[in-house]
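Geometric and topological summary
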Amino acid sequence: MAQLYFRYGAMGCGKTMQLLQVAFNYEERGQKVCVIKPAVDTKNGTKLLTRIGPERETDFTFSRSQNIFKRIASNYADCSCILVDEAQFMSPAQVDQLMQIVVELDIPVIAFGLRLNFKLKDKGFEGSTRLLQVAHRIEEIKTICDCGRKATLNCRFCNGELVVDGPDILIDDGKSEIVYKSLCHHCYAKYKRQQAQKGTKC
């Protein structure tokens, strides 16, 4: 029986690489997959890119207002699996549409994304919150902090300074150097202490 999976992890843990591996495994056996991602993720256009090289064109990208169930039912109902990258950017209604795909079309759906936003607050990513509520299976993809501890926090740095406020989606504003790092709680606290000592608000 088909199920909805949510595989989450901090930035840099290899979510997209795992998605591409799943797609390869299905296609190696002659089965068809559909790979999609939210259009708001503009960093690589319509492609999925990994830090170590492999890449893939999506079958389609979607806006927050698009009905994913209808698109899949009309054009991809013959697929053996639906794979979603950057699922945190989905609307709650679209997550429910993923469940509709599982229940009505009997197609398994594997969604990959972040659990927390850089503010480390609830309701930061509506898509992730809804996936945590309804997914049949929730699996963590682990990664490590620079210090070697387990990294669970997604942190935004602007011009080298930790920031904890601002829009959820900020890839490059053209004026500042925006960098995201996966940190453990110990290193996150260290950065906050350093900024407090310098009198810098984060």
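Residues numbered from 1 in each chain as written. Predicted model: local features only at pLDDT ≥ 70, side-chain atom pairs only at ≥ 80, totals over all residues. Heavy atoms only, no water.

**Structural notes on the packing of helix 3 (residues 92-105) against helix 4 (residues 126-134)**
At their nearest, the axes of helix 3 and helix 4 sit 8 Å apart, and the two run at 40° to each other. Relative to helix 4, helix 3 is oriented oblique. Judged by the sense of rotation from one axis to the other, the crossing of helix 3 with helix 4 is right-handed. Residue-level contacts link Pro-92, Val-95, Asp-96 and Met-99 of helix 3 to Glu-126, Gly-127, Arg-130, Leu-131 and Val-134 of helix 4. The class makeup of the residues in the contact of helix 3 with helix 4 is 5 nonpolar, 1 polar and 3 charged. (Axes fitted to C-alpha atoms, helices over the stretch in contact; angles between N-to-C directions. Helix = DSSP H or I, 4+ residues; strand = E, 2+ residues; numbered from the N terminus. Parallel < 35°, antiparallel > 145°, perpendicular 65-115°, else oblique. Left-handed = near helix turned anticlockwise from the far one by under 90°. Contact = heavy atoms within 4.5 Å. Nonpolar A, V, L, I, M, F, W, Y, C, P; charged D, E, K, R; others polar.)

**Quick look at the pattern of salt bridges**
The final tally for this structure, using the stated rule, is 9 salt bridges. Here Glu-28 makes a salt bridge to Arg-29, at a shortest N to O gap of 3.6 Å. Put simply, Asp-41 and Lys-37 hold a salt bridge, and the shortest N to O gap is 3.2 Å. The burial state of Asp-41 is the same as that of Lys-37; both residues are buried. (Salt bridge = Lys/Arg side-chain N within 4 Å of Asp/Glu carboxyl O. Buried < 20%, exposed > 50% of the residue type's maximum accessible area, 1.4 Å probe, protein only.)

**Quick look at the packing of aromatic side chains**
Each aromatic ring pair is specified by the distance between its two centres and by the angle formed by the two planes. What the rule picks out here adds up to 4 aromatic pairs. The ring of Phe-60 carries Arg-71 above its face, with NZ or CZ at 4.1 Å from the centroid. The lysine or arginine in question, Arg-156, covers the ring of Phe-118, its NZ or CZ lying 3.7 Å from the ring centre. (Phe/Tyr/Trp six-rings, centres within 6.5 Å; stacked < 30°, edge-to-face > 60°. Lys NZ or Arg CZ within 6 Å of the ring centre and 35° of its normal.)

**Remarks on unusual backbone geometry**
With a phi angle near 55°, Glu-86 is a residue other than glycine that sits in the positive phi range. Position of Glu-86 among the secondary structure elements: in the loop between strand 6 (81-84) and helix 3. At Asp-106, a position not held by glycine, the phi torsion is positive, near 55°. Inspection of the secondary structure assignment puts Asp-106 in the loop between helix 3 and strand 7 (109-113).

**A few points about the sheet that holds strand 5 (residues 60-62)**
Ordered in space as 5-2-6-7-1-8, the 6 strands form an open sheet in which the pairing is parallel. At either margin of the open sheet sits one strand with a lone partner, and together these are strand 5 and strand 8 (137-140). Between one strand and the next, the sheet's axes are offset by a mean angle of 20°, whatever the strand orientation. The pairing of strand 1 (residues 4-8) with strand 8 spans 4 bridges and is classified as parallel. Along strand 8, the bridge assignment pairs Tyr-5 with Arg-137. Along the sheet, helix 4 contacts strand 1, strand 7 and strand 8; its crossing angle with strand 1, the most-contacted strand, is approximately 125°. (Pairing = 2+ DSSP bridges.)

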